[in-house]
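An overview of the molecular structure
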Amino acid sequence: PDDPAYVLYTSGSTGRPKGVAITHSNLAHFIDSVRTLYALASTDRVLQFCALTFDTSVEEHWMTWCTGAHLIVRPPGPPPSVRDLLAFVARERITVLDLPTAYWRVWMAMLAEAPLPVPPSLRMIIVGGEEARADDYARLRRWCGPAVRWLNTYGPTECTVVATAYEPGPDHPAAAAGGGVPIGFALPHLTARVVDRAGHVLPVGLPGELVLGGAGVATGYLNRPEETGARFVADPFGPAGARCYRTGDRVWQRRDGALVFAGRLDQQVKWRGYRIEPGEIEAALAAHPAVQEVVVTLVDPPGAPAQLAAFWTSRPGATADEAALRAQVAARLPAHFVPGAFVQLEALPLTASGKLDRRALPLERIAARAAADFDPPVTPQERKLAALWQEVLGVK
């Protein structure tokens, strides 16, 4: 049970991907939990959508095979269009879809343009990997009604695919603060706690770091003892020798016990002396009726000053100018939270696994705009002032 079943590498946002060693015991406990949660039966037909480099594929394969159900492999190539996917689901009589949230959100946006028929075989949609929005969930319900189950899942690779899940219903509303859907409750084989910097458990409503414990916690990082020691720590609430995983994710807990994702601790940025959570700005912008998707980050593009930048896509048939988006943020957050640049895109860049690809955001668009907007100093006084500000701010 304690031998490694597989090693799967993280995305490598730091430039050095880490191999996560998942044991047979980790995998067995995970399979047992999700088979029960999803009510899988041997009659199910599950789509294998994700690449093997994305750990959702572990869920798709093993929970299906260990139930005696059918695994249907999608055609090779890049992710299909939504129309082609639904046609494939109908043709292959697929009952369960397990999709990256970013892909599912594109699907929901398409429904506003062209209503598509619900495949009669489809009984459940599972999403995970990015934040799910309550307005997209509402669009899903208008499309399929209550007939199709929908679950929002969350889980770091280090805790075996899925750690928490949330299924909106009468007792558990879909909307959390900021318009996101909660990430829910820990699976039966795991524990979830919200702690402060000192490791003390925080009360309901206060944000802190999510720490996961239990039978899903991996062995650690392959040949990376220092990083393993920093993230996989002794579990003070577990049995002797138990370990827990510090996720680095910022969450808070609702009164009903559901966890709400509030961004990454390591994506918090310090800007003009303030600590800023990009997720708060994203939530404010996502509340604008014209905004479909948005990501906010601190950028330092060549040829332009460092600044907060918002990359966004519009809802079908909707539009908004930069002034309206600035006002949207300014009405909800302090002035220093307002991005200096707003870049509208046709679509946010995605990785092969369907997750947001931050490294592919078009920073050159910001530099080009800065050059186009440049109004050079003309009078002697302007030139003197410009020289002083260049020296103070360290920008051209």
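As a reminder, the structure under discussion sits directly above these lines.
This write-up is about the structure you can find in this document. (Residues numbered from 1 in each chain as written. Predicted model: local features only at pLDDT ≥ 70, side-chain atom pairs only at ≥ 80, totals over all residues. Heavy atoms only, no water.)

Digging into the overall build of the protein chain
Note the following rule: Numbering of helices and strands runs from the N terminus, with a helix taken as a DSSP run of H or I at least four residues long and a strand as a DSSP run of E at least two residues long. A radius of gyration in this sense is built from C-alpha atoms; the matching globule rule multiplies 2.2 Å by the number of residues raised to 0.38. Here the term buried applies to any residue with accessible area under 20% of the maximum for its type, exposed to any over 50%, and partly exposed to those in between, with areas from a 1.4 Å probe on protein chains only. Any two residues whose heavy atoms approach within 4.5 Å are treated as being in contact. Accessible surface is estimated by sampling points in the Shrake-Rupley manner with a 1.4 Å probe; for residues, cover comes only from the protein chains shown. In this tally Asp and Glu are treated as negative and Lys and Arg as positive; neither His nor the chain ends contributes. In this description, the location of a charge corresponds to atom NZ of lysine, CZ of arginine, CG of aspartate or CD of glutamate.
Tallying secondary structure elements over the protein chain gives ten helices and 20 strands in all. Here the C-alpha atoms of the protein chain give a radius of gyration of 23 Å, agreeing with the 21 Å that 2.2 N^0.38 yields for 396 residues. Dimensions of the protein chain along its principal axes, counting C-alpha atoms only, are 80 × 55 × 40 Å. Counting the 396 residues in the protein chain, one finds 48% classified as buried. Partitioning the contacts of the protein chain with sequence separation of at least 6, the portion at a separation of at least 24 is 62%. Surface accessibility of the protein chain: about 19200 Å² in total, with carbon and sulfur atoms responsible for 57%. Computed over 39 positive and 40 negative side-chain charges, the separation of the two mean positions in the protein chain equals 2 Å.

Let's talk about helix α10 (residues 380-393)
Just so we agree on the cut-off: Take the number of residues in a helix, subtract one, and multiply by 1.5 Å to get its expected span.
Over its 14 residues, α10 extends 20 Å from the first C-alpha to the last, a length consistent with the 20 Å expected when each residue adds 1.5 Å. With zero of 14 residues buried, α10 is to be regarded as a mostly surface element. Positioned one or two residues after α10, G394 has a phi angle of 75 degrees, which is positive.

Describing the pattern of salt bridges
Put simply, the test is: Between Lys or Arg on one side and Asp or Glu on the other, a salt bridge is scored when a side-chain nitrogen of the former is within 4 Å of a carboxyl oxygen of the latter.
Following the criterion strictly, the structure yields 14 salt bridges and no others. Taking the shortest distance from any N to any O, the salt bridge between R231 and E209 comes out at 3.7 Å. Of this pair, R231 sits in helix α6 (residues 225-231) while E209 sits in strand β11 (residues 208-214); the two residues are 22 residues apart in sequence, bridging distant segments of the chain. A relative accessible area of 24% places R231 in the partly exposed class. Of the charged contacts, one joins E209 and R246 as a salt bridge, the two residues approaching to 3.4 Å between their closest N and O atoms. Of this pair, E209 sits in strand β11 while R246 sits in strand β14 (residues 243-253), and the two are 37 residues apart along the sequence.

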